[in-house]
Amino acid sequence: SELKNTITKGAKICVIDVRLSNTASMADWWLAPWPGTEAMLLLAFARVILDEGLYDRAFVEGWTNWREFLDAKHADKPRTFESFVDALKAHYAHITPEAAEAETGIPAAQILEIAREIGKAGNALASHVWRNAASGNLGGWQVARCLQFLCVLVGAVGAKGGTNLNTQTKFVPPPFLKPPPQRVWNEMLYPQE
């Protein structure tokens, strides 16, 4: 019901999952890349966002360590934000939508379309990593990093409508029946070892 409410308010949903889930059945785009290629797909989105200038310059410039990146990796370049963006574009130059299509099986035209929608969403991009890609493959944790990179590029970290920090609005419901704390030391509760 929450997903339906979000959709009726104009949100577009993209699900990247090899399984056709309930959420995927309601999504605008259901992408089922070859397992283990999700990071390539996400980086192809990032490449389009960088190339087309769809990133949130103020957020990236204010909240990333781009100066330190230039110092460490490109000390020969001018220490400007423009040099940083050029270095990122060069770093991801090989990850074209066409290269991503060849690796993931997702059409390049669809990658372009979705990347532009992510750029249009800007800081209202809300994302979530679930167990499928992130834990189902060797190196799957890189999927979470690539998704967070997208959130950073469009300034959707801690932004209204975007992706919240895990402690920002976390709700932990109390148990309906909570026993009182122990009153006496007990080896079952606190073993000597």
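Heads up: the structure comes first, above all this text.
Residues numbered from 1 in each chain as written. Predicted model: local features only at pLDDT ≥ 70, side-chain atom pairs only at ≥ 80, totals over all residues. Heavy atoms only, no water.

Q: How should I be thinking about the overall build of the chain in this particular structure?
A: The helix and strand inventory of the chain stands at 10 helices and 2 strands. Along the chain, from the amino end to the carboxyl end, the secondary structure elements read α-β-α-β-α-α-α-α-α-α-α-α. By the burial criterion, 32% of the 193 residues in the chain qualify as buried. Expressed as a percentage of contacts within the chain between residues at least 6 apart in sequence, the contacts between residues at least 24 apart total 59%. If you sum the accessible surface of the chain, you get close to 12,600 Å²; carbon and sulfur atoms cover 56% of it. (Helix = DSSP H or I, 4+ residues; strand = E, 2+ residues; numbered from the N terminus. Buried < 20%, exposed > 50% of the residue type's maximum accessible area, 1.4 Å probe, protein only. Contact = heavy atoms within 4.5 Å. Areas by Shrake-Rupley, 256 points an atom, 1.4 Å probe, with all protein chains shown as cover.)

Q: Just to check I follow, could you spell out the layout of surface pockets for this structure?
A: Once rolled over the atoms, a probe with the size of a water molecule shows which space is left empty. Each pocket or cavity is described by its volume, and for the second largest pocket that value is around 480 Å³. Together, 17 residues line the second largest pocket, and F69, L88, Y92, R145 and F149 are the ones closest to its centre. For the lining of the second largest pocket, the secondary-structure elements that each account for two or more residues are α3 (38-51), α5 (66-73), α6 (81-91) and α10 (141-153). Residue contributions to the lining of the second largest pocket peak at 6 residues, all from α10. (1 Å grid on protein atoms, 1.4 Å probe; cavity = no way out; pocket = protein on both sides within 12 Å on 5 of 7 lines; lining within 4 Å. Points joined across faces, edges and corners; volume = space filled by probe spheres on them.)

Q: For this particular structure, what's the right way to read the pattern of salt bridges?
A: Pairs may arise between side chains of opposite charge once their charged atoms sit close together. A full pass over the atoms with the stated rule returns 8 salt bridges. For the salt bridge of R57 with E82, the shortest nitrogen-to-oxygen distance reads 2.7 Å. Of this pair, R57 sits in helix α4 (residues 57-63) while E82 is found in helix α6, placing the two residues 25 residues apart along the sequence. Among the salt bridges present, the one from D71 reaches R79, with a minimum N-O distance of 2.9 Å. The partly exposed category is assigned to D71, whose relative accessible area is 41%. Taking relative accessible area as the criterion, R79 reaches 46% and is therefore assigned partly exposed. Here the residues in one salt-bridge network are K12, E117 and K120, joined through shared partners. (Salt bridge = Lys/Arg side-chain N within 4 Å of Asp/Glu carboxyl O.)

Q: I keep staring at the packing of helix α7 (residues 97-104) against helix α8 (residues 108-121) and nothing clicks. Help me out?
A: Each packed pair of helices is defined by two parameters, the angle between the axes and the distance between the axes. It is at 8 Å that the axes of α7 and α8 come closest, and there the two elements cross at 120 degrees. Relative to α8, α7 is oriented oblique. The two elements α7 and α8 meet at a crossing, and its hand is right-handed. Residue-level inspection shows P97, E98, A100 and E101 of α7 in contact with α8, the latter providing A108, I111 and L112. For the contact of α7 with α8, the residue count by class is 5 nonpolar, no polar and 2 charged. (Axes fitted to C-alpha atoms, helices over the stretch in contact; angles between N-to-C directions. Parallel < 35°, antiparallel > 145°, perpendicular 65-115°, else oblique. Left-handed = near helix turned anticlockwise from the far one by under 90°. Nonpolar A, V, L, I, M, F, W, Y, C, P; charged D, E, K, R; others polar.)

Q: Mind showing me how you'd approach the packing of aromatic side chains here?
A: The relative placement of two aromatic rings is captured by the distance of their centres and the angle of their planes. In the structure shown here, the tally under the stated rule is 7 aromatic pairs. Ring geometry for W66 and F84: centres 6.4 Å apart, planes at 40 degrees, overall tilted. Taken together, the residues span a long stretch of sequence, with W66 in helix α5 and F84 in helix α6 at a distance of 18 residues. For the pair W66 and F84, one class covers both residues: buried. Taken together, the ring pairs connect Y55, W66, F69, F81 and F84 into an aromatic cluster. (Phe/Tyr/Trp six-rings, centres within 6.5 Å; stacked < 30°, edge-to-face > 60°.)

Q: Just to check I follow, could you spell out α10 for this structure?
A: The periodicity of an α-helix, 3.6 residues per turn, causes residues three or four places apart in sequence to face the same way. In this model, α10 (13 residues) spans 19 Å end to end at C-alpha, consistent with the 18 Å of a helix rising 1.5 Å per residue. Every buried residue belonging to α10 is among V143, C146, L147, F149, L150, C151, V152 and L153, and all of these are buried. Downstream of α10 by one or two residues, G155 has phi in the positive range, about 70 degrees. (Expected span 1.5 Å × (residues − 1).)

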